[in-house]
Amino acid sequence: MEPADWLSRLLEIMPVTGSLDIRCYYAAPWKIAYETSDAGMMRYHVVLRGTAILEDPDGGQPRRLNAGDIVILPGGDAHTLHDGSGLSAITAAHRSGGNHKISEITGSGDPLDMICGHLKVPRPHDRIMREYLPSQLIVNSNVASHAGNVSIVGEQLSKLISLMRMETDVVGLGGTAMLNAFSSALFTLSLRLASDAGASSKGLLAVAGNPRLAPALEAMMKQPGHPWTLPELAELCHVSRATFSRHFQEHLGKSASDFLLDLRMSVAANELKKPGSSTGAVAEKVGYQSEAAFQRIFKETMGVTPSHWRKSGSISAPS
């Protein structure tokens, strides 16, 4: 049975795995600098107690993070976190926490308790994450819903963070597996919360959170191989073709056709890795009647032919 919503379908096509790497107990002054991540890696940080300043990877205004804030960097950008005092940071001491590392700076300054980890998405899906999610996604588990009430998703996220905190406090059987699973769930719930709270002004979350555009997104995610036309998608959204095209471009930053192409290539990349799959069958599944046209577009998008991609190694990404 196919997933009923766009986020479940997205994570089915491009599954995300996670790992909690380190828990930081810092007294000010402190500073952490991360270099640009390897392709397919997204760093995350969760402030459990205290505050932190995040320098904007894009050069914008620094962002003050409070307890309950979750930061995910889908583009893997280099970034810096610090206490905001402007003082030279004290060198941290490191020790093993059993299933993660512990980094500590003792002193009388304002204390910070933060957990940091990473998320991985296989090729070529890291490109989707980079291009269609914000460079830095920040949500807070205490956020209110559109109706002004305490968000149910926020409550779920808060409970998940509590579980992550407790799991790092003890060394229990299966602890690493638990923390890895919690990291993946953190990503899913953060996207759900961001979409629910309208936390993004552009990109996939902005489209998903817009009632006028969401039906088209859901349809393309559910049936990427369907020969969608702009009039069809506009009709699903009950707007004119021109209005749909303009609003979709404004919210996503790319056209519906661009998004559909990227989605189809991700599905095709998964299908080509399946034993016994033929290029012609994959082409048809993702909406191409001409195998030659599919091969040309796949190479333009992926940089290699379908045959080369099939032989380049396996990825664990069902479709």
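The coordinates are above.
Everything in this summary refers to the structure shown in the same document. Each chain carries its own residue numbering, running from 1 in the direction its sequence is written. Local features in this predicted model are restricted to residues of pLDDT 70 or higher, and side-chain atom pairs are both shown and tallied only at a pLDDT of 80 or more, whereas totals for entire chains, interfaces and linings draw on every residue. For the side-chain quantities, the full set of heavy atoms in the structure was used; hydrogens and water were omitted.

## Let's talk about the nonpolar core
Side chains that are nonpolar tend, in soluble globular proteins, to be buried together.
Logical step 1: In terms of nonpolar packing, the biggest core is built from 72 residues, with Phe187, Phe244, Phe259 and Phe294 touching the most fellow members.
Logical step 2: Broken down by element, the residue count for this core peaks at nine residues, all from helix α9 (residues 256–272). To qualify as a nonpolar core, a set must consist of buried Ala, Val, Leu, Ile, Met, Phe, Trp, Tyr and Cys residues joined through side-chain atoms within 4.5 Å. For the exposure calls, accessible area comes from a 1.4 Å probe over protein chains only, and a residue counts as buried if that area is under 20% of its type's maximum, exposed if over 50%, partly exposed in between. Each helix corresponds to a stretch of at least 4 residues labelled H or I by DSSP, and each strand to a stretch of at least 2 residues labelled E; elements are numbered beginning at the N terminus.

## Remarks on the sheet that holds strand β7 (residues 79–82)
Remark on secondary structure: sheet strands pair via backbone hydrogen bonds, oriented parallel or antiparallel.
Logical step 1: Paired strands, as defined in this entry, are two strands with at least two bridges between them according to DSSP. The four strands are arranged β2-β7-β4-β5 in an open sheet whose pairing can be described as antiparallel. On the outer flanks of this sheet lie β2 (31–34) and β5 (63–65), each paired with one strand and no other. Within the sheet, the average angular offset between the axes of one strand and its neighbour, ignoring direction, is 20°.
Logical step 2: Note that strand β4 (residues 52–55) and β7 share three bridges and pair antiparallel. Every axis in this analysis is a line fitted to C-alpha atoms, fitted for helices over the stretch in contact. Angles between the N-to-C directions lie between 0 and 180 degrees.

## Details of the pairing of strand β1 (residues 17–27)
Logical step 1: Of all 11 residues making up β1, eight are buried, and the element is well covered by its neighbours.
Logical step 2: As judged from the five bridges shared by β1 and strand β9 (residues 101–105), these two strands associate in the parallel manner. Following the sheet pairing, arginine 23 is matched in β9 by isoleucine 102.

## Quick look at the sheet that holds strand β10 (residues 111–120)
Logical step 1: Read from one edge to the other, the open sheet built from seven strands follows the order β8-β9-β1-β10-β3-β6-β11, with strand pairing classed as mixed. With one partner strand each, in any of the chains shown, β8 (93–96) and β11 (137–140) form the two edges of the open sheet. For this sheet, the mean inter-axis angle between neighbouring strands, taken without regard to orientation, is 20°.

## Focus: the packing of aromatic side chains
Logical step 1: Pairing of aromatic rings covers Phe, Tyr and Trp, the last through its six-membered ring, and needs centres within 6.5 Å; plane angles under 30 degrees mean stacked, over 60 mean edge-to-face, and all others mean tilted. A full pass over the atoms with the stated rule returns five aromatic pairs.
Logical step 2: Taking the centre distance of 5.6 Å and the plane angle of 40° together, the rings of tyrosine 26 and tryptophan 30 count as tilted. In this pair, the class of tyrosine 26 matches that of tryptophan 30, namely buried.
Logical step 3: Centre to centre, the rings of tyrosine 132 and phenylalanine 259 are 5.4 Å apart; their planes meet at 80°, and the pair counts as edge-to-face. In this pair, tyrosine 132 sits in helix α2 (residues 125–132) while phenylalanine 259 sits in helix α9, placing the two residues 127 residues apart along the sequence. For the pair tyrosine 132 and phenylalanine 259, a shared accessibility class is recorded, and that class is buried.
Logical step 4: These aromatic residues form a ring-pair network of at least three members: Tyr288, Phe294 and Phe298.
Logical step 5: Counting as a charge over the ring demands two things of the Lys NZ or Arg CZ atom: a distance within 6 Å of the ring centre and an angle within 35 degrees of the ring normal. Between arginine 264 and the ring centre of tyrosine 288, over which it is positioned, the NZ or CZ distance is 5.7 Å.
Logical step 6: Between the NZ or CZ atom of lysine 273 and the centre of the ring of tryptophan 309, over which it lies, the distance is 4.5 Å.

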